Amino acid sequence: RQAGVIRVDTLEELLDCGQLLANQPALEGHRLAVVGNAGGAAVLAADACDAAGLSVPEFDAATQAALRALAGPNASVSNPVDLGAGATPELFDEALRIVLASPSIDGAVVILAPVATADPEEVASAVVGIDAGTRPIVFVRLGDSASPAALSQGPRKIPSYAFPERAVRALGRIAAHSSWKTRPVGHAPRLEGVDTGAALAIVKSYLAANHDGGWLSPGDVSAMLRAFGIATPGEITVSSAADASDAASRLGFPVVVKAIGPTILHKSDVGGVRLDLSTADDVAEAFTAMARHLGDALEGAIVQQMLRGVELIAGVITDPLFGPVVMFGSGGTAVELFGDRVLRILPMTDQDAHEMVRSIRGAPLLFGHRGAPPCDVPAVEDVLLRVARLAEEVPQLAEMDLNPVIASPDGAVAVDTRIRLMPWRRHAETEVRRLR
């Protein structure tokens, strides 16, 4: 979607979209007229429009009056238009011309149910003879995949589908692509406080001692984030319960205690995180309990300021085809369970970051859900842009997780981060091109 690819779920959908793109103008809006001789099929088409991100707007009074005078008192004329089972090819022709004269319509779906009064070839000839301008028309021959020959004889071939859902789904894909073509590209903003040299020095030092790569230490992780201006909470590394208590007193309560160890990656899964500790005794007890539970796996702990807000996740994974891919979503311990995340390839613009933040299901939490104070959304977007810049400037970055990033009215802070490095190799992203 980001690169301009129309992604479909089946080969059938690929061919449906292909014949529409090849033969009809692109759907430049989202408003469709549905005209047919079967009310049930027309309603199904309208429902499919809603699922495809399209709308079936009610016609203005003048258009409805013209359709009523043409089709009679029993016709449904508000949109979708049901001309009735007795509709003739001439009635299809005149009704479609009235509909396409409306400025509130961006395209049309014609539905023909098999009836004795309307020969498919004659109805198709009537539809082909109508000049729709820059708006697409699609034809549904209900229940029959054979396209009427007349649809290929006009100046523009009209695609034919056996069911309204297929036609509408293809139109929805094309409309989404048209919207993508008109969206602002955005720009790569100038980011203050970026020190690429400092980050690369960390990488060089680490890989000199670890030739096959691996996970950075918490100290190096914090330094890497600081090099790219990504905010982190105040924290102190400790090695004993007494040190932990002293560190908490210096940072100010409440605090969090997190276990450190080369084999401890998901701290919460092994009891390696204690939250909201409000006294020095609580901190000492938490450290002692961790040491007893984790044994030799524990090399120390981090005492960190306790932050409150919306939990998010951001990160980078190096994909074998696309190179570094930036990820963003709802964070916390249930991140894998809910799978609420979006992805973007590099380079990322401010427009990409803007859309990412608003694309997840948890986005309303950032904008004052149920009376909560809205978060500093520009700060969240800034974190994403800095993560993307880090992925661009440090090609040895193999994997990075910022989980959680705590968003609040005061900003966005990366509370817990893992970074894995690998020796540099040529990445496929050098061959990636956008379709623009």
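That block above? That's the structure.
Residues numbered from 1 in each chain as written. Predicted model: local features only at pLDDT ≥ 70, side-chain atom pairs only at ≥ 80, totals over all residues. Heavy atoms only, no water.

> How should I be thinking about the packing of aromatic side chains in this particular structure?
Two measures describe an aromatic ring pair: the distance that separates the ring centres and the angle between the ring planes. Counted according to the given criterion, the structure contains zero aromatic pairs. It is Arg-420 that lies over the ring of Trp-215; its NZ or CZ is 6.0 Å from the centre. (Phe/Tyr/Trp six-rings, centres within 6.5 Å; stacked < 30°, edge-to-face > 60°. Lys NZ or Arg CZ within 6 Å of the ring centre and 35° of its normal.)

> What is the right way to look at the nonpolar core in this model?
Nonpolar side chains tend toward joint burial in soluble globular proteins. Leu-312, Phe-328, Leu-397, Met-400 and Leu-402 are the most contacted members of the largest nonpolar core, which totals 50 residues. In terms of residue count, the dominant contributor to this core is helix H13 (residues 377-393) (10 residues). Setting aside residues up to four positions removed in sequence, Met-400 forms contacts with Leu-225, Ala-314, Gly-315, Val-316, Val-387, Leu-390, Thr-417, Arg-418 and Ile-419. (Core = buried A, V, L, I, M, F, W, Y, C linked by side-chain atoms within 4.5 Å. Buried < 20%, exposed > 50% of the residue type's maximum accessible area, 1.4 Å probe, protein only. Helix = DSSP H or I, 4+ residues; strand = E, 2+ residues; numbered from the N terminus. Contact = heavy atoms within 4.5 Å.)

> Help me out: how do you make sense of a negative patch on the surface in this one?
The grouping of Glu-90, Glu-94, Asp-119, Glu-121 and Glu-122 at the surface amounts to a negative patch. The residue Glu-90 is located in helix H4 (residues 89-100) in this model. (Patch = residues over 30% accessible without salt bridge, like charges linked within 9 Å, V, L, I, M, F, W, Y side chains within 5 Å. Areas by Shrake-Rupley, 256 points an atom, 1.4 Å probe, with all protein chains shown as cover. Salt bridge = Lys/Arg side-chain N within 4 Å of Asp/Glu carboxyl O. Lys, Arg positive; Asp, Glu negative; His and termini not counted. Charge placed at Lys NZ, Arg CZ, Asp CG, Glu CD.)

> What am I meant to see in the sheet that holds strand E7 (residues 235-238) here?
Remark on secondary structure: sheet strands pair via backbone hydrogen bonds, oriented parallel or antiparallel. Read from one edge of the open sheet, four strands run E7-E10-E8-E9, paired in antiparallel fashion. Of all strands in the sheet, those bounded by a partner on one side alone are E7 and strand E9 (273-277). Neighbour-to-neighbour, the strand axes of the sheet open up by a mean angle of 20 degrees, direction not taken into account. In the packing of helix H10 (residues 280-294) onto the sheet, contacts are made with E7, strand E8 (255-260), E9 and strand E10 (300-305), and the angle to E9 comes to roughly 170 degrees. (Pairing = 2+ DSSP bridges. Axes fitted to C-alpha atoms, helices over the stretch in contact; angles between N-to-C directions.)

> Explain helix H6 (residues 164-182) to me, please; I cannot follow it from the model alone.
Helical geometry: 3.6 residues make up each α-helical turn, so side chains three or four residues apart lie on a common side. With 19 residues, H6 ought to run about 27 Å at 1.5 Å a step, and its terminal C-alpha atoms sit 27 Å apart, in line with that. As for H6, its buried residues are in contact with helix H1 (11-23), strand E1 (32-36), helix H2 (39-51), strand E3 (107-112), strand E4 (137-141) and strand E5 (160-161). (Expected span 1.5 Å × (residues − 1).)

> What exactly am I supposed to notice about the sheet that holds E3 here?
Taken together, the five strands give an open sheet; going across it, the order is E2-E1-E3-E4-E5, and neighbouring strands pair in parallel fashion. This sheet does not close on itself; its edge strands, each paired only once, are strand E2 (81-82) and E5. Relative to E4, helix H5 (residues 120-128) is tilted by about 170 degrees, and along the sheet it contacts E3 and E4.

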